[in-house]
Amino acid sequence: MSGPSPTELLFDPLSDIARKERRNLLIASTAGILVATMGLVPTRLSILGIEFSALEQNHFVIVVASVIAYFVVAFLVYGVSDFLISRNKRHDYLVAVAVEMQGLTEKDQHDYDELHTDTPHIHWIYVWSKPAFFFRTPLEFVFPILVGGVSICLLFWKAWHS
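Now for a description of the structure that goes with this document. (Residues numbered from 1 in each chain as written. Predicted model: local features only at pLDDT ≥ 70, side-chain atom pairs only at ≥ 80, totals over all residues. Heavy atoms only, no water.)

**Focus: the packing of helix α1 (residues 16-38) against helix α2 (residues 54-102)**
Here's step 1: Close contact between α1 and α2 brings their axes to 9 Å; oriented N to C, the two are set at 155 degrees. When the interaxial angle is binned, α1 and α2 end up roughly antiparallel. In this structure, the crossing between α1 and α2 has a hand that is left-handed. On the side of α1, the interface is formed by Ile17, Ala18, Glu21, Arg22, Asn24, Leu25, Ala28, Ser29, Gly32 and Val35, while α2 contributes Val61, Val64, Ile68, Phe71, Val72, Ala74, Phe75, Tyr78, Gly79 and Asp82. (Axes fitted to C-alpha atoms, helices over the stretch in contact; angles between N-to-C directions. Helix = DSSP H or I, 4+ residues; strand = E, 2+ residues; numbered from the N terminus. Parallel < 35°, antiparallel > 145°, perpendicular 65-115°, else oblique. Left-handed = near helix turned anticlockwise from the far one by under 90°. Contact = heavy atoms within 4.5 Å.)

**Here we look at the pattern of salt bridges**
Here's step 1: Applying the stated rule across the entire model yields five salt bridges.
Here's step 2: Put simply, arginine 19 and aspartate 12 hold a salt bridge, and the shortest N to O gap is 2.6 Å.
Here's step 3: On the basis of relative accessible area, arginine 19 is assigned to the partly exposed category, the value being 27%.
Here's step 4: The salt bridge involving arginine 136 is made with glutamate 140; its shortest N-O contact spans 3.2 Å. Of this pair, arginine 136 and glutamate 140 both sit in helix α4 (residues 123-160), four residues apart, which is roughly one turn of that helix. (Salt bridge = Lys/Arg side-chain N within 4 Å of Asp/Glu carboxyl O. Buried < 20%, exposed > 50% of the residue type's maximum accessible area, 1.4 Å probe, protein only.)

**Topic: the environment of aspartate 12**
Here's step 1: If you trace the backbone, aspartate 12 turns up in the segment before α1.
Here's step 2: We classify aspartate 12 as partly exposed; its relative accessible area is 40%.
Here's step 3: Considering only alpha carbons, one finds aspartate 12 and phenylalanine 133, 121 residues apart in sequence, at a separation of 9.7 Å.
Here's step 4: There is a polar contact of 2.6 Å between the side chain of aspartate 12 and the side chain of arginine 19. (Polar contact = N/O pair within 3.5 Å; in protein donor to acceptor, adjacent residues only side chain to side chain.)

See below:
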């Protein structure tokens, strides 16, 4: 008898494009936090022979914040759809488990019990797959958005108080 496996909950919840947007968001947010907290605002670009006044430095900070805001929105667009897909996969797994359990006859239950008395138990995969799914969700979806939001707030704080 084969049925739904709890390993179905351990799939990668992000598509390739959402993962790339997440990476870009985290890189840009880290750069933004460094600009805001360490004052890494360029005063000149010697290669181009451009010098930035204090007002232009504030504009640079606002441009960096705008780029990060773009990455937040892009990640939200792709991430929300991937999040919904992952929730649907979890729902489908739970439905498949319920259908499997309803369809067991006494003989099926007896065969299942007999089979599992002679084999090692992997109950841990059933126990830990759900928490892994729920702990991965904040890491994959919420953390990058929080980092981006913090970065944007710090950059605007720096721009207004400079």
